[in-house]
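Secondary and tertiary structure notes
Below, each chain spelled out in residue letters.
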Amino acid sequence: MMIQLTATPTSALIDEPVHIRATGLPPFQIVVLQATLKDEMGNLFHSHAYYKANEVGEVDLERAPSLGGDYVGVHPMGLFWSLKPENILTKLLKRDVMSSPFLVQIKLYDSNLPLIHIPTTAPKVSLTLERWYTAPGTKRIQVREGHIRGTLFLPPGEGRFPGVIDLFAGVGGLIESRASLLASHGFATLALAYCDYEDLPSQPEKTDLEYFEEAVNFLLRHPKVLGPGVGIVSISKGAEIGLSMAIHLKQVTATVLINGPNFVIRIPQVYRGQISQPLPFSPQLLSINALGLAEFQHNFEEARNEANENFLLPIEKAQGHFLFIVGEDDKNLNSKAYAKQATEQLRRNGKNNWTLLSYPGAGHLLEAPYSPLCCASKISSLHLFIHWGGEVTPHAIAQEHSWKEIKKFLRKHLLPVVTSQL
């Protein structure tokens with residue numbers, strides 16, 4: 001009988017699961033399945049796992065447990081989320097989200113082959129999968145209007161769509177991967193840059209909320225965007241800005257805050273003459289772990305513990321709803337403590353407009369489902385390797401669960417409730 005390797009579907013969005021099966025194996029044989037991916041910069045990522053065929057010579061990843069390798073147990077998408085870079089501390093990032101997918105090669109080898117020989121040995125059987133960041137028909141529009149710089153992604157189809165602004169961390173540039181994916185799921189999404197991009201300053205001296213207000217108004221004016229409110233999906237420094245937008249701008253009705261602070265970080269925030277000063281930072285509390293990776297999660301604790309209530313953002317003034325997402329193994333910010341403090345503040349003010357999802361073993365960089373964990377990477381402006389935290393399997397579980405919850409939350413608060421006509 002011939003060995004066959006199948007995957008359904010072979011071409012799909014990056015956040016869609018794939019069903020992988022090997023058939024035609026000798027009963028109870030142990031095999032190695034390997035996944036490899038080369039990014040647009042030529043960086044190689046790979047993963048492998050050992051599987052044992054059943055009595056009819058089949059390995060079905062939806063049922064069969066991995067016996068060892070990069071993960072253990074039944075994880076149908078384990079080969080994808082356990083991908084590791086050949087050059088350590090390399091982050092997998094899709095730059096061109098429109099015209100090309102990531103190609104993932106799945107190969108099957110005999111288990112008696114030593115791992116060091118795998119790169120030079122032909123597999124028994126292999127196949128290539130396409131992993132896309134945009135659904136067919138998604139439109140990408142460069143935005144240079146007034147002060148705002150970014151990219152607007154419009155979902156396929158005619159209708160008007162709920163509008164979302166996507167904010168990444170303060171490392172600068174423009175990351176389009178999450179916005180393009182949100183658009184593929186029906187949200188008109190503006191990936192908004194706010195530093196170190198085109199004519200935006202690389203090291204801004206302040207965060208001007210009027211820039212973000214302009215972005216909200218731009219989105220709501222767009223003929224393809226369904227009002228009256230917009231949503232925000234934000235992480236890290238972006239979540240500080242997302243929280244402030246929710247406080248000051250009544251058009252913001254649904255805010256997703258992923259591993260963010262409840263105070264201003266590094267540079268002052270300004271809105272119509274009002275200035276919010278950053279919480280003092282204690283550089284002496286930076287720790288460098290055994291691998292030489294910088295961990296920042298305690299750097300604000302001193303100032304926060306001194307009951308500096310006046311530094312906390314007045315979250316109770318926000319009209320909309322919040323979804324807090326926390327990785328409990330975040331080594332960059334003490335995000336679990338900040339989310340807890342923010343929700344306590346809401347509760348004390350008689351508010352119940354929030355949901356908190358807290359994930360043990362998840363790190364700072366929570367991304368789309370099946371994305372590999374980036375537990376550390378270099379920040380060029382800091383000349384440091386930063387430890388983001390996270391353990392491979394729990395982080396993957398958190399990514400899959402939180403993504404479903406993000407989409408559900410945005411739909412709930414941005415789409416009108418259609419009442420049935422009697």
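This section reports on the structure supplied with the text.

This part takes up the sheet that holds strand E3 (residues 19–23). Pairing within the open sheet is antiparallel, and its three strands lie in the order E1-E3-E6. Strand pairing shows two members of the sheet lacking a second neighbour, strand E1 (4–8) and strand E6 (59–60), which therefore form its edges. Bridging between E3 and E6 involves two bridges; their strand directions are antiparallel. Of the residues in E6, the one forming a bridge with Arg21 is Asp60.

Cis peptide bonds are those with omega within 30 degrees of zero, and the linkage from Thr8 to Pro9 qualifies with -10 degrees. If you trace the backbone, Pro9 turns up in the loop between E1 and strand E2 (11–13). In this structure, Asn259 takes a positive phi of about 45 degrees despite not being glycine. With respect to the helices and strands, the residue Asn259 is situated in the loop between strand E17 (252–258) and strand E18 (269–271). On the basis of relative accessibility, which here comes to 1%, the residue Asn259 falls in the buried class. Its identity is not glycine, yet Arg266 carries a phi of approximately 65 degrees, on the positive side. Its location among the elements puts Arg266 in the loop between E17 and E18.

A separate point is the environment of Phe212. Within the secondary structure, Phe212 is located in helix H3 (residues 209–221). A relative accessible area of 2% places Phe212 in the buried class. Separated by 59 residues in sequence, Phe212 and Tyr271 place their C-alpha atoms 10.0 Å apart. Phe212 has contacts with Leu167, Leu192, Tyr194, Thr207, Ile241, Met245 and Leu249, leaving out every residue within four places of it along the chain.

Counting buried positions along E17 gives six out of seven residues, so the element sits mostly inside the fold. Bridge count for strand E16 (residues 225–235) against E17 is six bridges, and the pairing is parallel. By the bridge assignment for E17, Ile235 is matched with Ile258. With respect to chirality, the unit in which E16 leads through helix H4 (residues 237–248) into the neighbouring parallel E17 is right-handed.

Turning our eyes to something else, we now look at the packing of aromatic side chains. In this structure the tally under the stated criterion is nine aromatic pairs. Ring centres 6.4 Å apart and planes at 40 degrees place the aromatic pair Phe281 and Phe296 in the tilted group. Of this pair, Phe281 sits in the loop between strand E19 (274–276) and strand E20 (287–288) while Phe296 sits in the loop between strand E21 (294–295) and helix H5 (301–305), and the two are 15 residues apart along the sequence. Residue class for Phe281 comes out partly exposed when judged on its relative accessible area of 40%. Of note, Lys94 hangs over the ring of Phe102, and the distance from its end group to the ring centre comes to 5.2 Å. Just above the ring of Phe80 sits the side chain of Arg131; from NZ or CZ to the centre is 5.0 Å.

Quick notes on the rules
Residues numbered from 1 in each chain as written. Predicted model: local features only at pLDDT ≥ 70, side-chain atom pairs only at ≥ 80, totals over all residues. Heavy atoms only, no water. Pairing = 2+ DSSP bridges. Helix = DSSP H or I, 4+ residues; strand = E, 2+ residues; numbered from the N terminus. Buried < 20%, exposed > 50% of the residue type's maximum accessible area, 1.4 Å probe, protein only. Contact = heavy atoms within 4.5 Å. Right-handed = clockwise from strand over helix to strand, strands pointing away. Phe/Tyr/Trp six-rings, centres within 6.5 Å; stacked < 30°, edge-to-face > 60°. Lys NZ or Arg CZ within 6 Å of the ring centre and 35° of its normal.

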